Amino acid sequence: METVTFVLFGATGDLAKRKIYPALYNLFLEQKLPKCFHVIGLGRRELSDEVFQAGVEQSVTQFSRRKANDPVSLKSFVHAFRYQALDIGRKEDYTKLLQRIEQRERELNLTPNRMFYLSVGPEFFAAIATNIKESGLGSAAGWKRLLIEKPFGHDLQSARELNRQLSEAFSEQEIFRIDHYLGKPMVQKLGALQQNNPVLDALWTNRYIANVQITANETVGVEERAGYYDRAGAVRDMFQNHMLQLLMMVAIHLPKNSTPEEVRLKKKKVMEDLVPLHKQDIASHVIRGQYAAGTIQGKSVPGYTSEPNISEASLNDTFIAAKLQIDAPFWRGVPFYIRTGKRLKEKSTRIVVEFKEPLKQQASAQEEKPMPNLLVFEMSPHEGITLQLNTRDPQHQGAFKPIHIDFHSNHQDLPEAYENLLYDALLGKPTFFAHWDEVELSWQWVEPILQAFGDQLVPLHPYPAGTYGPAESDALLAKDGYHWWFDS
Ligand code: BG6
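Residues numbered from 1 in each chain as written. Predicted model: local features only at pLDDT ≥ 70, side-chain atom pairs only at ≥ 80, totals over all residues. Heavy atoms only, no water.

Which entries qualify depends on this criterion: UniProt positions are given in the numbering used here, feature names are shortened, and annotations may be inferred rather than shown by experiment.
The protein is annotated in an unreviewed UniProt entry as Glucose-6-phosphate 1-dehydrogenase from Paenibacillus rigui. In its Catalytic activity (unreviewed entry) section, UniProt records this for the protein: "D-glucose 6-phosphate + NADP(+) = 6-phospho-D-glucono-1,5-lactone + NADPH + H(+)".

What follows is the structure, encoded as structure tokens:
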């Protein structure tokens, strides 16, 4: 792996502490970081290197997947970190940063490859990229990469504008847009499973598949993010990015050993084939909900509009369910149902592929009917794959009995999404990052939903916290003769 200077904007922020430092530490333990790896953390406050390093050490101790029980290796890890105060709008601070980086590159005898990670609010993305360019930070002889967190825009127009601004300083190949769902190990396995198992590959069509259900249920509420979330809602926070990425990942058909470019083109094709919804169709295809007070796992929680800093009159969506169709030979006629929401009964992220039921259709009215075959990819809370098959139980007069073939990973050994993503970014592998084409097409597809929600054309259904969302979400599937699997 090539040497690199890792420049982290937002180095004292929450994401850095909870995700980035622990991920880097796990990569360090697995010897997946470049030789002479070093980090320059940037934040508004003045801090000494020592205080900053102590903070990194603390976050690793608190949040790392692997326990930091070897003090010597932990010390050598944090020794790679340096800190500099930077005011995002001050040009002189970028000049100072450049001098510091050049000095470190000389000391450590490094190729001037630079990775800029923007772990800051989206309002700063464009200004930082411009300043990186104008200060000369991005003009060294080595490569440069920009890692950028979501949200990538607030709607189609703002996303386009942001992309235009970023592309003045970085080329598309240099921009790595993080969607942490693409870093989840099971999501990364989806393509490989289909590609390397002829049995799955053969079944991956509308001939055998009845519907696909993509769920991301959360128990958490708005937390301390009222300012952001009340403007974003479930549609912008989860649906436009994570949920549509899951849809692309499950719907693509990949040739063996596909290149990152092929994967991206296939994903783009899925988005292009997604049947657009017009503003007037939204109410019949999309369910919008907001949590009311309720009980989750024995604990009473307030409704959304009673949360701190949320207006009592807020009409923001905290739940969305939708029916999507892909107009392509493999998928024509297969509904893809997607739902995500906050303050639901349990945390679960999964994709359920429900197969057609020729046996059921053949059974006579009196005969007992088998269950459909299901293939379930679980991402959270545990990673696993389950296949539901039917057998007959000789002990009960040969009645149908569903059996489950289960695979579950050992949770402790699984890398966190950020480990996978940082490792790929260091290697320059773009497969599991969102390409601009995907982001733009996702916003484009979501735009009529935003308009219909904004114009109040879609009813906002309250649902008690601790449930699976509004009953209308069940009715969306019931209309087609289906139901959400695994709601208990
Ligand atoms: C983030 C959203 O991108 O994903 C959060 O902004 C959400 O609102 C989170 O809670 C869910 O991620 P995960 O990995 O816990 O499913």
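Next comes the rest of the write-up.
### Some details on the overall build of the protein
Rules: By definition, any uninterrupted DSSP run of H or I lasting at least four residues is a helix, any uninterrupted run of E lasting at least two residues is a strand, and each is numbered from the N terminus. Only C-alpha atoms enter the radius of gyration; for comparison, a globular chain is expected to reach 2.2 Å times N to the power 0.38, where N is the number of residues. Summary of the burial criterion: residues with accessible area below 20% of their type's maximum are buried, those above 50% are exposed, and those between are partly exposed, where the area comes from a 1.4 Å probe applied to protein chains only. The contact rule is simple, with two residues in contact once any of their heavy atoms fall within 4.5 Å.
In terms of helices and strands, the protein carries 15 helices and 17 strands. Against the 2.2 N^0.38 benchmark of 23 Å for 488 residues, the protein shows a C-alpha radius of gyration of 24 Å, consistent with a compact globule. In terms of overall dimensions, the protein has a C-alpha envelope of 80 × 50 × 45 Å along the principal axes. For the protein, with 488 residues in total, the buried portion stands at 55%. Taking the contacts inside the protein whose residues are at least 6 apart along the sequence as the reference set, 77% of them involve residues at least 24 apart.

### Considering helix H3 (residues 71-78)
How we decide: Arc definition: it is the arc formed by the directions from the helix axis to the C-beta atoms.
Listing the buried residues of H3 in full gives Ser-73, Leu-74, Phe-77 and Val-78. Angular distribution of buried residues about the axis of H3 spans 130 degrees; they occupy a single face of the element. Within H3, the exposed residues directed more than 90 degrees away from the buried face are Pro-71 and Val-72. Looking at the buried positions of H3, the neighbouring elements they touch are helix H1 (14-29), helix H2 (49-63) and strand E3 (81-85).

### Structural notes on the site of the ligand
Filter applied, for reference: The cutoff for a nearby residue is simple: one of its non-hydrogen atoms must lie within 4 Å of the molecule or strand. Under the rule applied, a polar contact is a pair of N or O atoms within 3.5 Å (in protein, one hydrogen donor and one hydrogen acceptor; residues adjacent in sequence only if both atoms are side-chain atoms). Only Asp, Glu, Lys and Arg are considered charged, only Ala, Val, Leu, Ile, Met, Phe, Trp, Tyr, Cys and Pro nonpolar, and every remaining residue, Gly among them, polar.
For the ligand, the full set of nearby residues is Lys-150, His-180, Tyr-181, Lys-184, Glu-218, Arg-225, Asp-237, Met-238, His-242, Lys-342 and Lys-347. The contact in question runs from an oxygen atom of the ligand to an N or O atom on the side chain of Lys-342, over 2.7 Å. Of the residues contributing to the shell around the ligand, the split by class is two nonpolar, two polar and seven charged.

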